[in-house]
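Working through the structure, step by step
Listed below are the residues making up each chain.
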Amino acid sequence: MADENDDIEPDATAAGADGRSRLMQEVAVQMDSIEAELGRDFEIGRVITVIEVTGPDGQIGIRVRAGQYPWVALGMLDWAKKSVEASMGDS
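To keep things clear, this report deals only with the structure shown in the data block. None of these values were measured; they are calculated from a predicted model.

Bringing the pattern of salt bridges into the picture now. Enumeration over the complete set of coordinates arrives at three salt bridges. Here Asp78 makes a salt bridge to Lys82, at a shortest N to O gap of 3.2 Å. Highlighted residues: Asp78 and Lys82, both in helix α2 (residues 70-89), separated by four residues, approximately one helical turn. By relative accessible area, which is 37% here, Asp78 ends up partly exposed. Measuring nitrogen to oxygen at the nearest pair gives 3.9 Å for the salt bridge that ties Glu85 to Lys81. Of the two residues, Glu85 and Lys81 both sit in helix α2, four residues apart, roughly one turn of that helix. Relative accessible area serves as the criterion here: at 51%, Lys81 is assigned to the exposed category.

Here is the structure:
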């Protein structure tokens, strides 16, 4: 007999979830947020990803991927840091 929860996909953001699924879920949430604010009249510019990765040995690392000149990436990361700091003051 089928369970009523058989159609529910696993939580991609749960600890131990498949890494690729979790990353894609994060991107989908970001796109939903952008579309809710701007509709479909926008263009994605430069993208930087910052990901915390825990290896099989338990060691934690940070991966940064930026497909632009380093000085542009640093400027974007600096702006992002200030934006997060400002949002913390709103809480």
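Past the structure itself, the notes keep going.
Next up on the list: the packing of aromatic side chains. Tallied over the entire structure, the rule returns one aromatic pair. Ring plane angle 5° and centroid distance 4.7 Å describe the contact between Tyr69 and Trp71, whose orientation is recorded as stacked.

Turning our eyes to something else, we now look at a nonpolar patch on the surface. A contiguous nonpolar surface patch, about 470 Å² in accessible area, is contributed by Val50, Ile62, Val64, Leu74 and Leu77. Going through the elements one at a time, β2 (60-66) and α2 are the ones with two or more residues in the nonpolar patch. As for its position among the elements, Val64 is in strand β2.

Conventions adopted
Residues numbered from 1 in each chain as written. Predicted model: local features only at pLDDT ≥ 70, side-chain atom pairs only at ≥ 80, totals over all residues. Heavy atoms only, no water. Salt bridge = Lys/Arg side-chain N within 4 Å of Asp/Glu carboxyl O. Helix = DSSP H or I, 4+ residues; strand = E, 2+ residues; numbered from the N terminus. Buried < 20%, exposed > 50% of the residue type's maximum accessible area, 1.4 Å probe, protein only. Phe/Tyr/Trp six-rings, centres within 6.5 Å; stacked < 30°, edge-to-face > 60°. Patch = residues over 30% accessible without salt bridge, like charges linked within 9 Å, V, L, I, M, F, W, Y side chains within 5 Å. Areas by Shrake-Rupley, 256 points an atom, 1.4 Å probe, with all protein chains shown as cover.

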